[in-house]
Amino acid sequence: IARYLSELGHDLILVARRKDKLEELKKELKTNVEIIPMDLIKKENVYKLYEQTKEKNIDILVNNAGFGLFGMTYETDLERELEMIDLNIIAPHILTKLLLKGFVKRDSGYVLNVCSSAGFMAGPRLNTYYATKNYLTKFTMAINEELRHIKSNVRVSALCPGPTSTEFMKVAHGEFSINEATSEYVAKYGIDKLLKGKMIIIPTLKMKLGIFFLRFIPYRLQLVIAYHIQWRKTNKI
């Protein structure tokens, strides 16, 4: 996403935990780049980030930080799941809300919340992750409708990809059971659709069809399918 936005001519503020990765990325980008090494799991850091950047005339907010954790809900680590909720829900909620006030006031700006195709289902064996992405997807959709009612020029979108080639599975300890889209494709598709004002952005035809047909599948069958998908990723019973 950072690479593509830089290609489009945007100056960037990049935030992540690993300073070395940020510095590597900064070297390859042609626009002005400020890096802020920061762990957004900590709520105080999210507020600190806003205070550091609120005077910088931000036009686009991309909430992309997040992780998952495979396992049965009665077995997974509670503290790690609470960290997931803090990063996947609390951090984007705070940043979206705080920046949205300024965007609405000046009647311009974009917010891209990186959600997931998981945001349309319940996810046994990846339960908390699915729940966080449901929250973020519905949160985004509701804001989009609020802005439509006041005829605002601010655009808020949910990027909902399926399997994508990133470090997600390494962190979550699993493997995708279906082909992954490249992160480059998902990033370009997501930003292009954001700038066109699309509310729900689903990058691949396979995922579009899958999410469309969900509405015709009973919830119990959806759960069976989801359980099987997650089981295949971890190869565990």
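What you see is a predicted model; the values in this text were computed from it and never measured.

S.K.: Mind laying out the pattern of salt bridges, listing which residues take part and the relevant values?
M.R.: On inspection of all chains with the given rule, the structure shows seven salt bridges. A salt bridge links R106 to D59; the shortest N-O distance between them is 3.3 Å. Residue R106 is found in helix 4 (residues 78-106), and its partner D59 is found in the loop between helix 3 (43-53) and strand 3 (60-63); the two are separated by 47 residues along the sequence. By relative accessible area, which is 34% here, R106 ends up partly exposed.

S.K.: I'd love a proper account of a nonpolar patch on the surface, names of residues and values included.
M.R.: Together, L205, L209, F212, F213 and F216 give the surface a local cluster of nonpolar side chains, amounting to about 530 Å² of exposed area. As for its placement among the helices and strands, L205 is situated in helix 8 (residues 205-214).

S.K.: Could you give me a rundown of helix 8, with the residues and numbers involved?
M.R.: Along helix 8, the residues that are buried comprise M207, I211 and L214. Around the axis of helix 8, the buried residues are gathered within 50° of arc, so they sit on the same side. Of the exposed residues in helix 8, the ones pointing more than 90 degrees away from its buried face are L205 and K206. Tucked into the core, helix 8 has its buried residues touching helix 9 (219-234).

S.K.: Talk me through the pairing of strand 4 (residues 110-114); I want residue IDs and the actual numbers.
M.R.: Counting buried positions over the five residues of strand 4 gives four, a clear majority of the element. Sheet analysis places strand 3 next to strand 4, joined by four bridges and oriented parallel. Among the inter-strand pairings, I60 is bridged to a residue of strand 4, identified as Y110. One crossover worth recording links strand 3 to the parallel strand 4 by way of helix 4, and it is right-handed. Pairing of strand 4 with strand 5 (residues 155-159) involves five bridges; the strand directions are parallel. In the strand pairing of strand 5, V111 is matched with V156. Chirality of the crossover, the property in question, places the unit of strand 4, helix 5 (residues 127-149) and strand 5 among those that are right-handed.

Definitions and limits used
- Residues numbered from 1 in each chain as written.
- Predicted model: local features only at pLDDT ≥ 70, side-chain atom pairs only at ≥ 80, totals over all residues.
- Heavy atoms only, no water.
- Salt bridge = Lys/Arg side-chain N within 4 Å of Asp/Glu carboxyl O.
- Helix = DSSP H or I, 4+ residues; strand = E, 2+ residues; numbered from the N terminus.
- Buried < 20%, exposed > 50% of the residue type's maximum accessible area, 1.4 Å probe, protein only.
- Patch = residues over 30% accessible without salt bridge, like charges linked within 9 Å, V, L, I, M, F, W, Y side chains within 5 Å.
- Areas by Shrake-Rupley, 256 points an atom, 1.4 Å probe, with all protein chains shown as cover.
- Arc of directions from axis to C-beta.
- Contact = heavy atoms within 4.5 Å.
- Pairing = 2+ DSSP bridges.
- Right-handed = clockwise from strand over helix to strand, strands pointing away.

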